[in-house]
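Here's the letter readout for the chains.
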Amino acid sequence: MPNRDGEGDLTLFWRSGEGEAPDQLIVDDLGRLPAFHDRKTLREYCDRGGWELVWDGEAALDLDVVRQWVEHPDHDLVTAGVLLEAWNFLEDLSLSLKTGPSLPSQGPIHDSAYEKIFGGEALEPTAGKEAWTDEETAAVRELLRAGLEL
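Every residue gets a number counted from 1 within its own chain, in the order that chain's sequence is written. This being a predicted model, a pLDDT of at least 70 is required before a residue's local features are given, and a value of 80 or more before pairs of side-chain atoms are given or counted; all residues contribute to the totals for chains, interfaces and linings. Side-chain calculation: all heavy atoms of the structure are included, whereas hydrogens and water are not.

A. Geometry of helix α3 (residues 80-96). Strands here are runs of E lasting at least two residues and helices are runs of H or I lasting at least four, both read from the DSSP assignment and numbered beginning at the N terminus. Multiplying one less than the number of residues by 1.5 Å gives the expected span of a helix. Relative to the 24 Å expected for 17 residues at 1.5 Å per residue, α3 spans 24 Å between its end C-alpha atoms, a close match to the ideal helical length. The set of residues buried in α3 consists of A80, L83, L84, A86, W87, F89, L90, D92, L93, S94 and S96. Residue contacts are defined here by distance: any two heavy atoms, one from each residue, within 4.5 Å place the two residues in contact. Buried positions along α3 lie against β2 (24-25), α2 (63-71), α4 (108-118) and α5 (134-149). When accessible area is computed with a 1.4 Å probe and restricted to protein chains, residues below 20% of their type maximum are described as buried, those above 50% as exposed, and intermediate ones as partly exposed.

Below, the structure is given as structure tokens:
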């Protein structure tokens, strides 16, 4: 994930939820989210904590493009897939952090918007009835804006 100050990527790590349990990002004893500029530092952190580090593929998430979409309503800046990944990541982040505010509560508008984006049609110019309504778009932007502030 790109570093907020633009100076390289950061690596975060999380634990996959078992069964119905949600995925969780790993936080330290103070509830903060450790982020690492390189694998060596991450491995040393895990060794000190007595954790086994298992690489299960790598996922890159560019939150800068998501932030641009949130701030500037131009559908050409981001794909539905990137928004879906950001939404899921920010939900995991919100559930994992022990300090700070959580995401706004989600209701039927969010459910509808999520279903449309999951189908991949929400941002397509030819989506028709599967395109987001103005209300859905505003709800998604509000949710992502709050998540980015975390």
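B. Spatial organisation of the packing of α3 against α5. Lines fitted to the C-alpha atoms define the axes, with helices restricted to the stretch that makes contact. Angles between their N-to-C directions range from 0 to 180 degrees. Packing of α3 against α5 leaves a shortest axis separation of 10 Å and a crossing angle of 50 degrees. Overall, the two elements α3 and α5 adopt an arrangement that is oblique. Where α3 crosses over α5, the handedness of that crossing is left-handed. Between α3 and α5, the contacting residues are L83, A86, W87, L90 and L93 on the first element and V140, L143, L144, G147 and L148 on the second. The nonpolar class holds Ala, Val, Leu, Ile, Met, Phe, Trp, Tyr, Cys and Pro. Asp, Glu, Lys and Arg form the charged class, and all remaining residues, Gly among them, are polar. Tallied by class, residues from the contact of α3 with α5 come to nine nonpolar, one polar and no charged. An angle below 35 degrees is read as roughly parallel, one above 145 as roughly antiparallel, one from 65 to 115 as roughly perpendicular, and any other as oblique. Should the near helix be turned counterclockwise from the far one by less than a right angle, the crossing is left-handed, whereas a clockwise turn marks it as right-handed.

C. Here's a closer look at the nonpolar core. Nonpolar core, defined: a set of buried Ala, Val, Leu, Ile, Met, Phe, Trp, Tyr and Cys residues in which side-chain atoms within 4.5 Å join the residues together. Core analysis: the largest hydrophobic core is formed by 29 residues, its most contacted members being V66, W69, L83, F89, W132 and L144. Mapped by element, the contributors of at least two residues to this core are α2, α3, α4 and α5. By residue number, the principal contributor to this core is α3, which donates eight residues.

D. Focus on the pattern of salt bridges. Salt bridges are identified by distance alone: a Lys or Arg side-chain nitrogen within 4 Å of an Asp or Glu carboxyl oxygen. Evaluation of the coordinates by the stated rule reveals two salt bridges. Residue K40 pairs with E44 through a salt bridge whose shortest N-O separation is 3.3 Å. Placement of the pair is K40 and E44 together in helix α1 (residues 39-49), with a separation of four residues, close to one helical turn. For E136, the salt bridge is made with K116, and the minimal N-O distance between the two is 2.9 Å. Highlighted residues: E136 in helix α5 and K116 in helix α4, separated in sequence by 20 residues. Judged by relative accessible area, E136 falls into the buried class, the value being 4%.

E. Layout of α4. For α4, the full list of buried residues reads H110, A113, K116 and I117. Each buried residue of α4 lies within a common arc of 130 degrees when the element is viewed along its axis, so the set occupies one face. Seen from the open side of α4, the exposed residues pointing more than 90 degrees away from its buried face are P108, E115 and F118. Residues of α4 that are buried in the fold lie against α3 and α5. With its phi angle positive at about 85 degrees, G120 sits one or two positions after the end of α4. The directions considered for the arc run from the helix axis to the C-beta atoms.

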